[in-house]
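# Coordinates in review
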Amino acid sequence: MRIGFGYDSHRLVEGRKLILGGVEIPFEKGLIGHSDADVLCHAISDAIIGALGLGDIGRHFPDSDPKWKDAVSAEMLKYILGLVGMNGYFVAWVDTTIIAETPKISPFIDAIKESLSKTGLPAGNINIKAKTNEGMGFIGRGEGIAVCAVCLLNKI
């Protein structure tokens, strides 16, 4: 059994789509990043990479590589999930917390789970919580969104 922790945050800006877990969330701003800036997929990927002891997401998808410019983070997560099986494990559980002042995320949680299941992560093996930051810090001011994720891998 192995446990991994992942974290990611991105700034909200106008002119970008807001993508969380592969789902476009209707909002006037989106997250900026080298890829589609899907903080949920990034945090889950980082948790899995950590549990495997394979560094971090930047090592596998460096923002200095133009190949990953505007990449779909759900596809990146699919690749990471492939590493799980290649290393003799399976994802037993993923628990996540999306921290965003706005927009409200909870109405989209079922759609996000459905989308994540298309990456190979079973919808029944993931928990998604949505929290605000109670008006504090960059998240509370509506400047960005952050996600924390933990995962449990078991041997096949």
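Residues numbered from 1 in each chain as written. Predicted model: local features only at pLDDT ≥ 70, side-chain atom pairs only at ≥ 80, totals over all residues. Heavy atoms only, no water.

## Some words on the packing of helix α1 (residues 39-52) against helix α3 (residues 73-86)
What counts here: Here, axes are lines fitted to C-alpha atoms. For helices the fit covers the stretch in contact, and angles between N-to-C directions go from 0 to 180 degrees. Each helix is a run of DSSP H or I of at least 4 residues and each strand a run of E of at least 2, with the numbering of both proceeding from the N terminus. To sort the angles, those under 35 degrees are grouped as roughly parallel, those over 145 as roughly antiparallel, those from 65 to 115 as roughly perpendicular, and the leftovers as oblique. Should the near helix be turned counterclockwise from the far one by less than a right angle, the crossing is left-handed, whereas a clockwise turn marks it as right-handed. It only takes one pair of heavy atoms within 4.5 Å for two residues to be counted as in contact.
Where α1 meets α3, the closest approach of the two axes is 9 Å, and the angle between their N-to-C directions is 15 degrees. With respect to α3, the axis of α1 lies roughly parallel. Considering the relative orientation of α1 and α3, their crossing is left-handed. Between α1, through C41, H42, I44, S45, I48, I49 and L52, and α3, the contact on the second element is made entirely by S73, A74, M76, L77, I80, L81, L83 and V84.

## Quick notes on the packing of aromatic side chains
Note the following rule: Note on ring pairs: Phe, Tyr and Trp rings are taken, using the six-membered ring of Trp, and paired if centres are within 6.5 Å. Classes follow the plane angle, with under 30 degrees stacked, over 60 edge-to-face and the rest tilted.
Summed over the entire model, instances satisfying the criterion amount to one aromatic pair. Taken together, a centroid distance of 5.7 Å and an interplanar angle of 80 degrees make the contact between F61 and Y79 edge-to-face. Linking F61 in the loop between α2 (57-60) and α3 with Y79 in helix α3, this pair joins segments that are 18 residues apart in sequence.

## What to know about the pairing of strand β6 (residues 126-131)
Filter applied, for reference: A pair of strands is considered paired only if DSSP assigns at least 2 bridges between the two. The handedness of a crossover follows from its direction of travel: if, with the strands pointing away from the viewer, the path from the first strand over the helix to the second runs clockwise, the crossover is right-handed.
Strand direction decides the pairing type here: strand β5 (residues 89-99) and β6, joined by six bridges, are parallel. Bridging across to β6, I99 finds its partner in K131. For the segment spanning β5, helix α4 (residues 109-117) and β6, crossover handedness is right-handed.

## So, the pattern of salt bridges
Basically, it comes down to this: Whenever a carboxyl oxygen of Asp or Glu lies within 4 Å of a side-chain nitrogen of Lys or Arg, that contact is scored as a salt bridge. Note on exposure labels: buried denotes an accessible area under 20% of the residue type's maximum, exposed denotes more than 50%, and partly exposed covers the range between, all computed with a 1.4 Å probe on protein chains only.
Throughout the structure, instances matching the rule amount to six salt bridges. A salt bridge links K17 to E24; the nearest nitrogen and oxygen atoms lie 4.0 Å apart. Exposure remark for K17: the relative accessible area of 53% places this residue in the exposed category. Residues participating in the shared-partner salt-bridge network are R16, K69 and D70.

## A closer look at α3
Because each turn of an α-helix spans 3.6 residues, side chains separated by three or four positions end up pointing in the same direction. The cut-off we apply is this: Under the convention used throughout, the expected extent of a helix is 1.5 Å for every residue step, that is, one less than its residue count. Directions from the helix axis toward the C-beta atoms define the arc.
Here α3 spans 20 Å end to end across 14 residues, near enough to the 20 Å set by a 1.5 Å rise per residue. What α3 keeps buried is the set S73, A74, M76, L77, I80, L81, L83 and V84. Across the axial projection of α3, the buried residues extend over an arc of 155 degrees, all falling on one side. At its buried positions, α3 is contacted by α1, α2, β5, α4 and β7 (144-155). G88, located one to two residues past α3, shows a positive phi value of around 85 degrees.

## Focus: the nonpolar core
Convention followed: Joining through side-chain atoms within 4.5 Å is the link that ties buried Ala, Val, Leu, Ile, Met, Phe, Trp, Tyr and Cys residues into a set, and such a set is a nonpolar core.
Core analysis: the biggest nonpolar cluster contains 45 residues, and L20, I44, I48, I112 and L116 have the highest contact counts within it. Of all elements in the fold, only β2 (18-20), β3 (23-25), α1, α3, β5, α4, β6 and β7 reach the threshold of two or more residues within this core.

## A word on the sheet that holds strand β1 (residues 2-14)
With mixed pairing, five strands are arranged side by side in an open sheet as β4-β1-β7-β5-β6. Single-partner strands in this sheet number two, and they are β4 (29-31) and β6. This sheet shows a mean twist of 20 degrees between the axes of neighbouring strands, independent of strand direction. Examined bridge by bridge, β1 and β4 share three bridges and lie antiparallel to one another. Its bridge partner being in β4, L12 is matched across the sheet by L31. Where α3 meets the sheet, its contacts fall on β5 and β7, and the angle it forms with β5 comes to roughly 145 degrees.

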